[in-house]
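# A closer look at the structure
This is what each chain is made of:
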Amino acid sequence: AKEHVTEADLLFIMYARDIFKKFDRDESNLCSATEIQRMFTFFGIYMSYESVVKVVCMFLRDKDHATPMDETMVELNFSQLTFLLISVESRPGLVARPDHSADRRVLPLDPVLLDKLARRRPPMTGPASFGGDVPHR
């Protein structure tokens, strides 16, 4: 079966790219475990640093990627991180979220949030349209 990429998929990818750039503080095009932990917190996913390292390494091994001997040195590129975010969000028992998290950001996977994000973005006009500011808390 042929897979089709929808506008909602593209919107999520563009949003994830902006978030990736925001948290890739050293602009290495790789996110360290510390940067990933900050990103998770931004999305309302609360994990200790040790848990983030463990989850990221498990994710990489599940995808047949090598992990560093010192697992705290693990890094993900944009594509890997996008798949990790989707994977973490699809396993609700994996992360603890407080009951009062209504004011917290969550992964933009539900259609209502995607629709709201789409309405806030200006129309796409060309390559420059892939830029833009990341919404701040």
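We now turn to the structure provided with this report. (Residues numbered from 1 in each chain as written. Predicted model: local features only at pLDDT ≥ 70, side-chain atom pairs only at ≥ 80, totals over all residues. Heavy atoms only, no water.)

The next thing to look at is the pattern of salt bridges. What the rule picks out here adds up to 2 salt bridges. Residue Arg 17 is joined to Asp 18 by a salt bridge in which the shortest nitrogen-to-oxygen separation is 2.8 Å. Two residues, Glu 71 and Arg 61, come together in a salt bridge whose shortest N-O distance is 2.8 Å. Remark: Arg 61 occurs in helix 3 (residues 49-62) and Glu 71 occurs in the loop between helix 3 and strand 2 (75-76); sequence separation between them is 10 residues. Judged by relative accessible area, which is 39%, Arg 61 ranks as partly exposed. (Salt bridge = Lys/Arg side-chain N within 4 Å of Asp/Glu carboxyl O. Helix = DSSP H or I, 4+ residues; strand = E, 2+ residues; numbered from the N terminus. Buried < 20%, exposed > 50% of the residue type's maximum accessible area, 1.4 Å probe, protein only.)

This part takes up the environment of Val 52. Relative to the helices and strands, Val 52 resides in helix 3. Classification of Val 52 as buried rests on a relative accessible area of 0%. For the pair Val 52 and Ile 36, spaced 16 residues apart in sequence, the C-alpha to C-alpha distance is 7.4 Å. Discounting chain neighbours no more than four positions away, the residues touching Val 52 are Ala 33, Ile 36, Gln 37, Phe 40 and Met 47. (Contact = heavy atoms within 4.5 Å.)

Let's shift gears to a nonpolar patch on the surface. A contiguous nonpolar surface patch, about 270 Å² in accessible area, is contributed by Val 5, Leu 10 and Ile 13. Of the residues examined, Val 5 reaches a relative accessible area of 59% and is grouped as exposed. (Patch = residues over 30% accessible without salt bridge, like charges linked within 9 Å, V, L, I, M, F, W, Y side chains within 5 Å. Areas by Shrake-Rupley, 256 points an atom, 1.4 Å probe, with all protein chains shown as cover.)

Moving on to the nonpolar core. Counting 26 residues, the largest nonpolar core has Ile 36, Met 39, Phe 40, Phe 43, Val 56, Leu 81 and Leu 84 as its most contacted members. Elements with a minimum of two residues in this core: helix 1 (7-23), helix 2 (33-42), helix 3 and helix 4 (78-89). The element best represented in this core is helix 3, accounting for 7 residues. Discounting residues that sit within four places of it in the chain, Leu 84 has contacts with Ile 36, Phe 40, Val 55, Val 56, Phe 59 and Leu 76. (Core = buried A, V, L, I, M, F, W, Y, C linked by side-chain atoms within 4.5 Å.)

Here we take up the packing of aromatic side chains. The full count for this structure, using the stated rule, is 4 aromatic pairs. Here Tyr 15 and Phe 43 contribute two aromatic rings whose centre-to-centre distance is 6.5 Å and whose plane-to-plane angle is 70 degrees, an arrangement assigned as edge-to-face. In this pair, Tyr 15 sits in helix 1 while Phe 43 sits in the loop between helix 2 and helix 3, placing the two residues 28 residues apart along the sequence. Both residues of the pair, Tyr 15 and Phe 43, belong to the buried class. Following the ring pairs from residue to residue traces out a cluster consisting of Tyr 15, Phe 23, Phe 42 and Phe 43. A cation over an aromatic ring shows up here: Lys 22 above the ring of Phe 23, its NZ or CZ 5.8 Å from the ring centre. (Phe/Tyr/Trp six-rings, centres within 6.5 Å; stacked < 30°, edge-to-face > 60°. Lys NZ or Arg CZ within 6 Å of the ring centre and 35° of its normal.)

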